[in-house]
Amino acid sequence: DAGITQSPRYKITETGRQVTLMCHQTWSHSYMFWYRQDLGHGLRLIYYSAAADITDKGEVPDGYVVSRSKTENFPLTLESATRSQTSVYFCASSGTGRRYEQYFGPGTRLTVT
Amino acid sequence: EDQVTQSPEALRLQEGESSSLNCSYTVSGLRGLFWYRQDPGKGPEFLFTLYSAGEEKEKERLKATLTKKESFLHITAPKPEDSATYLCAVQARNNFNKFYFGSGTKLNVKP
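Residues numbered from 1 in each chain as written. Chains lettered and ligands numbered in written order. Predicted model: local features only at pLDDT ≥ 70, side-chain atom pairs only at ≥ 80, totals over all residues. Heavy atoms only, no water.

Engineer: I'd like to hear about the overall build of chain B, residue by residue, with values.
Structural biologist: Across its full length, chain B carries zero helices and eleven strands. Listing the helices and strands of chain B from first to last along the sequence gives β-β-β-β-β-β-β-β-β-β-β. In summary, chain B has a C-alpha radius of gyration of 13 Å against a globular reference of 13 Å for 111 residues, a match within 12%. Evaluated residue by residue, chain B yields a buried proportion of 49% over its 111 residues. Taken as a whole, chain B presents about 5500 Å² of accessible surface, with 46% of it coming from carbon and sulfur. Across chain B, the centroid of the 15 positively charged side chains sits 3 Å from that of the 14 negatively charged ones. (Helix = DSSP H or I, 4+ residues; strand = E, 2+ residues; numbered from the N terminus. Rg over C-alpha atoms; globule rule 2.2 N^0.38 Å. Buried < 20%, exposed > 50% of the residue type's maximum accessible area, 1.4 Å probe, protein only. Areas by Shrake-Rupley, 256 points an atom, 1.4 Å probe, with all protein chains shown as cover. Lys, Arg positive; Asp, Glu negative; His and termini not counted. Charge placed at Lys NZ, Arg CZ, Asp CG, Glu CD.)

Engineer: Report on the overall build of chain A, specifying residues and quantitative values.
Structural biologist: Broken down by element type, chain A carries zero helices and eleven strands. The N-to-C order of helical and strand elements in chain A reads β-β-β-β-β-β-β-β-β-β-β. Taking 2.2 N^0.38 as the reference for a compact globule, 113 residues should give roughly 13 Å; the C-alpha atoms of chain A span a radius of gyration of 13 Å, in line with that estimate. Viewed in the frame of its principal axes, chain A has a C-alpha envelope of about 40 × 30 × 30 Å. Classification of the 113 residues of chain A by burial places 50% in the buried group. Sequence separation of at least 24 residues holds for 55% of the intrachain contacts in chain A that already meet a minimum separation of 6. Side chains of chain A give 12 positive and 10 negative charges; the mean places of these two sets differ by 4 Å. (Contact = heavy atoms within 4.5 Å.)

Engineer: How would you sum up the sheet that holds strand 8 (residues 70-75) of chain B? Please name residues and give values.
Structural biologist: All names here are of chain B. The five strands lie next to each other as 1-3-8-7-6, forming an open sheet whose pairing is antiparallel. At either end of the open sheet lies a strand with only one pairing partner, and these are strand 1 (3-7) and strand 6 (56-59). The average undirected angle you get between the axes of adjacent strands in this sheet is 15°. Sheet topology places strand 1 next to strand 3 (residues 19-26); five bridges connect them, and they run antiparallel. Pairing of Ser7 across the sheet is with Asn22, part of strand 3. (Pairing = 2+ DSSP bridges. Axes fitted to C-alpha atoms, helices over the stretch in contact; angles between N-to-C directions.)

Engineer: Describe the packing of aromatic side chains, listing the residues and the values that go with them.
Structural biologist: This structure, assessed with the given rule, holds 15 aromatic pairs over all chains. Ring centres of A:Phe104 and B:Phe101 lie 6.0 Å apart, and the angle between their planes is 80°; on these two criteria the pair is classed as edge-to-face. Note that A:Phe104 is positioned in strand 10 (residues 103-104) and B:Phe101 in strand 10 (residues 95-101), a pairing that runs across two chains. Like A:Phe104, the residue B:Phe101 is buried in the burial classification. (Phe/Tyr/Trp six-rings, centres within 6.5 Å; stacked < 30°, edge-to-face > 60°.)

Engineer: Go over the pattern of salt bridges, please, and point to the residues and values.
Structural biologist: Residues and elements named next belong to chain A. In the structure shown here, the tally under the stated rule is seven salt bridges over all chains. Among the salt bridges present, the one from Glu14 reaches Arg17, with a minimum N-O distance of 3.4 Å. Salt bridges linked by common partners bring Arg36, Asp38 and Arg44 together as one network. (Salt bridge = Lys/Arg side-chain N within 4 Å of Asp/Glu carboxyl O.)

Okay, here's the thing in structure tokens:
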């Protein structure tokens, strides 16, 4: 089924380990985004991408790395996970033109022990 | 600084009891205001986009309105299945690659 998918849906990792969260969309949307959602903070933008090979920082980029070699994929890597990165991570995408609304994936719940 | 504030944080309604959720925003030139619904354990689901003051959008029991400083999400005769967290987001004209989300209103509709 077309849409935006994330994997894994749940992940437990240890402090200091590298972990990669995957995001895939089938709409050929130009823009893709990574957010984290924490109680008391709402959704905060980590990184976004306007097209393949074009990425930029959002509000909370420290400790995260992104890449976008293909339009449909936008992986998020935590280079050395910390407990403060325990969160729910959402990937989103949006098209161009007048309609800029973002469409979200189901989320990845990450726990760093 | 671009900012979005939603109120109330939580709202409990009886089935059929209409009410409104508020989203106040400050942004340097609004490109669009967006409403989302989020169910527990799921990603936000897009509901509406509003672009200019005076604009209204409707979908079933939901109606979104926009002024120059705030937006309202009116819920008419809600049902228990309307229970969810409703999120508001704004997109600035000079920084349109970024969305600024409010913290949401958690709506609970009792049968």
